[in-house]
Amino acid sequence: MKKNAPSGANLLLRAERLRHGWSQQELADRVNVTVVTINRWERGVTAPSPFFRLQLCALYGKSATELGLLPEETTPLVEKREPSITPGLIDHPQPPRQLRHLPYRRNPFFTGREKLLTSIHTRIHALPIQVYALCGLGGIGKTQTALEYAYRYHSDYQTILWLQAETSLVLARSCLTFANRLGISLPDDAVGDAVRDRIHDWLEEHEHWLLILDNVEETSIVEPLLPAVLTGSVLLTTRAQASGTLAQHMNLTPMTEEESTLLLLRRAKYLLPPANLNNLSPQSVNEARSISQLLGGLPLALDQAGAYIEETGCSLADYLERYQRHRKALLNRRGSNHMEHPDSIAGTISLCMERLVQQNPAAVELLRCCAFLDHEHITEDLLTVLAPELGETLTHLLDDPLVFDDAIAHLRALSLLQRRAATHSLVMHTLVQEMLRDALDDEECRLWSQRIVRGLNRVFVEVPGIDSLRQNEQLLPQVLFSLRYLEQQRLAFPEAGKLFSKAAYYLTLRGHYVEAERFVQKAFALSQQLPTIQYRQESKASLYNCLGLIYEARGAYQQAEQAYYKSLKLLERLPHSMHPTLSDTLINMGRLALQRGDFTHAGCFLDHALERQQHHLGSNHPQLVPLLNLFANLYYQKGLFQRAETMLLRSVAICREHLGDTHPHTIESLSSLATMYKVEGKIKQAARLYQETIASISTDRESLEYYTVPALRGLGLVYGLQGHYTQAETLLKQAKAICQQILGSIHPETAESWRTLGVICRLKGNYGEAEEIFRQACTVFRKALGAGHPEVATTLSMLGTIYGLQGEYARALEAHQQASEIYRRALGESHPQYAENLTALGIIFGLQKQYQRAEELLHQALRIQESILGEAHPALANTLHSLAAFYGEQGQCEQAQQIVQRALSIRERVWPSDHIEVLASRELFNKLHHS
């Protein structure tokens, strides 16, 4: 017959538990009480205190009324009476016998680790004869996790034993205590091994026990304690990441951000378990989250922070502010009521270091070195390349793999770092890094920081190829970390300025202009702290030069000019006039003037740079090649194609003599020469040279593959001009894929590959596809360089041409007008590109039958070109040809014939007689002549 509940029973509370399908034990585990307490609550013998009332309401998501937890008048279903003793319904008010031997009470603030606890339980039950070890850094929560496991799953075991096992003596004392508790008879003089042997015998004679060995430092201490055949389960905690054949490891990692935040708020008494983050204001949660991020998910550090907040009554925001100013003191402050862990997190790490100093001093040096590196990017290769700057001890350690492995073994034994074999990298907790740095005096910190920066400066490449681009990419996190550290500590030395200038230049090459500028501005602040005026001037000059490169790449030419000028003035004041940065600055100023259409100043700057470099290096040095190629570009833009070709031939000869056919400078020079041949109409020579350039690099040499991109694009255009569209598209798609893989989807080189592919689509008459591709190119240029960059204008102009070819004159006009405005703002109204776009605008107005406006624009373009390019430039011939065609359409054949005659005369002087431009003007002339 079914028993009726006592008249005072809380039927609502019991019904809610049953609705969730929980036993009384499962509910007890969830609210951190015994099953006896749950039984008494449901029978109405006692009522939950306000603290547990809140827990139950939060757990079930119901009010106190709905759970029958309010006084009698509010909840009539819960009748308050003096309880009677009913046989069979009252449990003995003692904790379960399995828990009687645990040395610590259950942690009411234990948070997270749910998956780990489930995994421990699953593994132990799947293979109970196996020993399992919870391992990790001191303060990571190993003991607390083992303790929570014991409380949560105690009903699976008949007995739970907890032995401290840090040393043989500690283990012996712990065994003696448990022998007495278990009623094991011992001789009066029983000590050490004798006591351990009696516990060993007890384990052999009993089953269904759980033995927890806490803080095992050496497995040899605990192995004699364990029976050969386990009839129970063994869980140990240790800092060591290797335990031989004794145990299977289960690594404890830092808590997640969510878990860390919740633990901190619970320990600070901002939240009562099991309430969650939704019960607090977003501001409090964000402040707690910031603290947990600073403490890196270490439970001991979070417990310390929570204790401080609780004991002092300070706010979360106050703690954040105090931590920034007094981190070292706060990490050393343990607080009261610290349960089983009396040492602070700083004290815990300090004890580890004391032990390490005695065991392996070289490992200490390695750990201190890692404390000054970005914790997630410490590769063994990085340490090797930095080794010459790291001092004699580490140089020897890193030179001998066995010595290095031995040091790592000692560090892993204390979980001070982890080794990832697959990536040959080391991982160190950020808080450990900070505590190690805090333990050093100012001079030691400066020494280590200087060593790292010197090493990085030595291996960070200033003028990178693809191999070194990848190396720089791997080094960049370390450079950024060093910059932040130097900035925080107000440290500065000459190598730092050089390193940060290189890194900013690298970021510019990668198209990360905003980050590069931010990098330079921070480096400027550091340069103010350099010890001498000369060092400060050299550093600033280098940084201004780099800043000019950033502005130039972004199309901010006026700002770039100002930055280069400041660099030049600083360098001219230095005592040694042959400073290498001076030549770099002159070259940069020449290139900038060339981009702005100022050919006179471009020539002056480049001539000065060439004179200096030839005086210093000789006339045949490979370092001259980039400068010679700039000269070739200057001659090309001035319409002096033969001189441009001659300069490129000189550049190619130097490269082949000193660098070989596969050097990036050689490949670049050959591609430029092939482009020159293409412009000159020497199509076969251009195609042959492009093909030779591409073929000179085997396909398996990915490090050089990027340098074939100009050749791939150039040959693709040649094929397009020859009508071989399939071959052209294949090459151009290959070029685009290389750019995307190496530089990313948002980069000017990737955009240029898109744009060249659009040209091929235009040549084959596929205007719809060309339009789509030009739009894509325009989007990438905008994202990479900004909406006001001339490259955006060039692409818009191409897009306008496509609209015109499709008869969409309104859209064509809009695109060309946008392009003109960008050119005007970025380059000015006297720039050749602005004039070329005026010509295109004039043609569109003519097609719209706005003849007066068309004529005005064409004549305006002519005036600009005659002024800056002279009377014999091919670009001028292009505008003359367009104007002649315009007048021909108006029936003004005589005037048109005079103008096209002038265009033809220019083209015949520049191009061979069979050049496509010459043939076009000759055809127009004949047409006008016969009209």
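Just so we're clear, the structure is a prediction, and the values are computed from it rather than from any experiment. (Residues numbered from 1 in each chain as written. Predicted model: local features only at pLDDT ≥ 70, side-chain atom pairs only at ≥ 80, totals over all residues. Heavy atoms only, no water.)

**Observations concerning the nonpolar core**
Here comes step 1: Of all hydrophobic cores here, the largest spans 282 residues; its most connected members are Leu211, Leu213, Leu366, Leu416 and Phe500.
Here comes step 2: Among the elements that take part in this core, helix H36 (residues 767-785) stands out by supplying 9 residues, more than any other.
Here comes step 3: Non-local contacts of Phe500, meaning those with residues more than four positions away in its chain, are made with Val479, Ser482, Leu483, Leu486, Phe519, Ala523 and Leu526.
Here comes step 4: Core analysis: the second largest hydrophobic core is formed by 14 residues, Trp22, Val33, Ile38 and Leu69 among them. (Core = buried A, V, L, I, M, F, W, Y, C linked by side-chain atoms within 4.5 Å. Buried < 20%, exposed > 50% of the residue type's maximum accessible area, 1.4 Å probe, protein only. Helix = DSSP H or I, 4+ residues; strand = E, 2+ residues; numbered from the N terminus. Contact = heavy atoms within 4.5 Å.)

**Overview of the packing of aromatic side chains**
Here comes step 1: The final tally for this structure, using the stated rule, is 15 aromatic pairs.
Here comes step 2: Grouping aromatic residues by their ring pairs yields a cluster made of Tyr149, Tyr153 and Tyr157.
Here comes step 3: Positioned above the aromatic ring of Trp448, the side-chain terminus of Arg451 is 4.6 Å from the ring centre.
Here comes step 4: Geometry around Trp754 places Lys736 over its ring, the cationic atom sitting 4.3 Å from the centre. (Phe/Tyr/Trp six-rings, centres within 6.5 Å; stacked < 30°, edge-to-face > 60°. Lys NZ or Arg CZ within 6 Å of the ring centre and 35° of its normal.)

**Remarks on helix H3 (residues 35-42)**
Here comes step 1: Of all the residues in H3, the buried ones are Val36, Ile38, Asn39, Trp41 and Glu42.
Here comes step 2: Just downstream of H3 lies Gly44, where phi reads positive at about 75°.

**Describing the UniProt feature "repeat: TPR" (unreviewed entry) in the protein chain**
Here comes step 1: Within the UniProt annotation, "repeat: TPR" (unreviewed entry) is assigned to residues 541-574, 793-826 and 835-868.
Here comes step 2: As annotated, residues 793-826 comprises 91% helix and 0% strand, and the C-alpha atoms at either end are separated by 10 Å. (UniProt positions renumbered as here; feature names shortened; annotations may be inferred.)

**A word on the environment of Gln806**
Here comes step 1: Secondary-structure assignment places Gln806 in the loop between helix H37 (790-805) and helix H38 (809-827).
Here comes step 2: Separated by 38 residues in the primary sequence, Gln806 and Gly768 place their C-alpha atoms 8.7 Å from one another.
Here comes step 3: Among the polar contacts made by the side chain of Gln806, one reaches the side chain of Glu771 at a distance of 3.5 Å. (Polar contact = N/O pair within 3.5 Å; in protein donor to acceptor, adjacent residues only side chain to side chain.)

**Some details on the state of the cysteines**
Here comes step 1: Evaluated as defined, the whole model comprises 0 disulfides.
Here comes step 2: Not engaged in a disulfide, the cysteine Cys739 finds its nearest cysteine sulfur in Cys761; these two sulfurs lie 17 Å apart.
Here comes step 3: On the basis of relative accessibility, which here comes to 0%, the residue Cys739 falls in the buried class. (Disulfide = S-S within 2.5 Å.)

**Notes on the pattern of salt bridges**
Here comes step 1: Counted by the stated rule, this structure contains 46 salt bridges.
Here comes step 2: Salt-bridge contacts for Glu217 lead to Arg239; the nearest nitrogen and oxygen are separated by 2.3 Å. Linking Glu217 in the loop between strand E3 (209-216) and helix H9 (219-222) with Arg239 in the loop between strand E4 (233-238) and strand E5 (247-251), this pair joins segments that are 22 residues apart in sequence. With respect to burial, Glu217 and Arg239 carry one shared label: buried.
Here comes step 3: Across the pair Glu217 and Arg355 runs a salt bridge whose closest N-O atoms are separated by 2.2 Å. On the criterion of sequence distance, the pair formed by Glu217 in the loop between E3 and H9 and Arg355 in helix H14 (residues 345-359) is long-range, its members being 138 residues apart. (Salt bridge = Lys/Arg side-chain N within 4 Å of Asp/Glu carboxyl O.)

**With respect to the pairing of strand E1 (residues 131-135)**
Here comes step 1: Judged by how many residues are buried, E1 sits mostly within the fold: 5 of 5 residues are covered.
Here comes step 2: As paired elements, E1 and E4 share 5 bridges and run parallel to each other. Paired with Tyr132 across the bridge in E4 is Leu235.
Here comes step 3: Note that E1 and E5 share 5 bridges and pair parallel. Considered in E5, the bridge of Tyr132 is made with Gln248. (Pairing = 2+ DSSP bridges.)

**Considerations on the sheet that holds strand E6 (residues 378-379)**
Here comes step 1: Strand order in this open sheet of 3 strands is E6-E8-E7, and the pairing throughout is antiparallel. Every other strand in the sheet has two partners, leaving E6 and strand E7 (418-420) as the edge strands with one partner each.
Here comes step 2: Examined bridge by bridge, E7 and strand E8 (residues 425-427) share 3 bridges and lie antiparallel to one another. Bridged to Arg420 within E8 is Ser425.
Here comes step 3: Across the face of the sheet, helix H18 (residues 401-413) comes into contact with E7 and E8 while running at roughly 130° to E7. (Axes fitted to C-alpha atoms, helices over the stretch in contact; angles between N-to-C directions.)

**As for the sheet that holds E3**
Here comes step 1: Spatial strand order, E2-E3-E4-E1-E5: 5 strands in an open sheet with parallel pairing. Each edge of the sheet is formed by a strand with only one pairing partner; in this case those strands are strand E2 (159-164) and E5. Neighbour-to-neighbour, the strand axes of this sheet turn through a mean angle of 20°, independent of strand direction.
Here comes step 2: For E2 and E3, the ladder comprises 6 bridges, and the chain directions are parallel. Looking at E3, one finds that Trp162 is bridged to Ile212.
Here comes step 3: The sheet strands contacting helix H5 (residues 114-126) are E1, E4 and E5, and the helix crosses E5 at an angle near 165°.
Here comes step 4: Strands E1, E2, E3 and E4 of the sheet are contacted by helix H6 (residues 142-152), whose axis makes an angle of about 160° with E4.

**Remarks on the packing of helix H35 (residues 748-763) against H36**
Here comes step 1: At a minimum axis separation of 8 Å, H35 and H36 run at an interaxial angle of 165°. Overall, the two elements H35 and H36 adopt an arrangement that is roughly antiparallel. For the element pair H35 and H36, the recorded crossing hand is left-handed. Of the residues in H36, those in contact with Pro748, Ala751, Glu752, Trp754, Arg755, Leu757, Gly758, Val759, Cys761 and Arg762 of H35 are Tyr767, Glu769, Ala770, Ile773, Phe774, Gln776, Ala777, Val780, Phe781, Ala784 and Leu785.
Here comes step 2: Class assignment of the residues belonging to the contact of H35 with H36 gives a composition of 15 nonpolar, 2 polar and 4 charged. (Parallel < 35°, antiparallel > 145°, perpendicular 65-115°, else oblique. Left-handed = near helix turned anticlockwise from the far one by under 90°. Nonpolar A, V, L, I, M, F, W, Y, C, P; charged D, E, K, R; others polar.)

**Quick notes on helix H7 (residues 168-181)**
Here comes step 1: Here H7 is 14 residues long and its end C-alpha atoms lie 20 Å apart, about the 20 Å a rise of 1.5 Å per residue gives.
Here comes step 2: Looking only at H7, the buried set comprises Leu171, Ala172, Ser174, Cys175, Phe178 and Ala179. Buried residues of H7, viewed axially, fall in a sector of 165°; they line one side. Facing away from the buried side of H7 by more than 90 degrees, the exposed set consists of Arg173 and Asn180.
Here comes step 3: Each element contacted by the buried residues of H7 is listed here: E2, helix H8 (193-205), E3 and H9. (Expected span 1.5 Å × (residues − 1). Arc of directions from axis to C-beta.)

**A closer look at unusual backbone geometry**
Here comes step 1: The backbone phi angle of Ser415 is positive, close to 55°, even though this residue is not glycine.
Here comes step 2: Structurally, the position occupied by Ser415 is in the loop between H18 and E7.

**Description of a negative patch on the surface**
Here comes step 1: The grouping of Asp441, Asp442, Glu443 and Glu444 at the surface amounts to a negative patch.
Here comes step 2: Looking at the secondary structure, you find Glu444 in helix H20 (residues 442-459).
Here comes step 3: Assessed through its relative accessible area of 31%, Glu444 is described here as partly exposed. (Patch = residues over 30% accessible without salt bridge, like charges linked within 9 Å, V, L, I, M, F, W, Y side chains within 5 Å. Areas by Shrake-Rupley, 256 points an atom, 1.4 Å probe, with all protein chains shown as cover. Lys, Arg positive; Asp, Glu negative; His and termini not counted. Charge placed at Lys NZ, Arg CZ, Asp CG, Glu CD.)

**With respect to the environment of Gly112**
Here comes step 1: Following the sequence through the fold, Gly112 ends up in the loop between helix H4 (50-60) and H5.
Here comes step 2: By relative accessible area, Gly112 is classed as buried at 15%.
Here comes step 3: With residues up to four places along the chain from it excluded, the contact list for Gly112 reads Leu117 and Glu259.

**Structural notes on the side chain of Asn360**
Here comes step 1: Inspection of the secondary structure puts Asn360 in the loop between H14 and helix H15 (361-370).
Here comes step 2: With a relative accessible area of 9%, Asn360 lands in the buried category.
Here comes step 3: Reaching out from Asn360, the side chain makes a polar contact with the side chain of His410 at a distance of 3.4 Å.
Here comes step 4: If we ignore the near neighbours within four places in the chain, the residues touching Asn360 are Asp406, Ala407 and His410.

**Some words on the environment of Arg458**
Here comes step 1: With respect to the secondary-structure elements, Arg458 resides in helix H20.
Here comes step 2: For Arg458, a relative accessible area of 43% corresponds to the partly exposed category.
Here comes step 3: Remark: the alpha-carbon pair of Arg458 and Cys546, spanning 88 residues in sequence, is separated by 18 Å.
Here comes step 4: Dropping the residues within four chain positions of it, Arg458 is found in contact with Val385, Leu386, Pro388 and Glu389.
Here comes step 5: Polar contacts involving the side chain of Arg458 include one to the main-chain carbonyl oxygen of Val385, which spans 2.3 Å.

**A closer look at the packing of helix H33 (residues 709-721) against H35**
Here comes step 1: It is the contact of H33 with H35, at a shortest axis distance of 9 Å, that shows an interaxial angle of 10°. Taken together, the axes of H33 and H35 are roughly parallel relative to one another. Counted together, Val709, Arg713, Gly716, Leu717, Gly720 and Leu721 of H33 and Glu749, Glu752, Ser753, Thr756, Val759, Ile760 and Leu763 of H35 form the full contact between these two elements.

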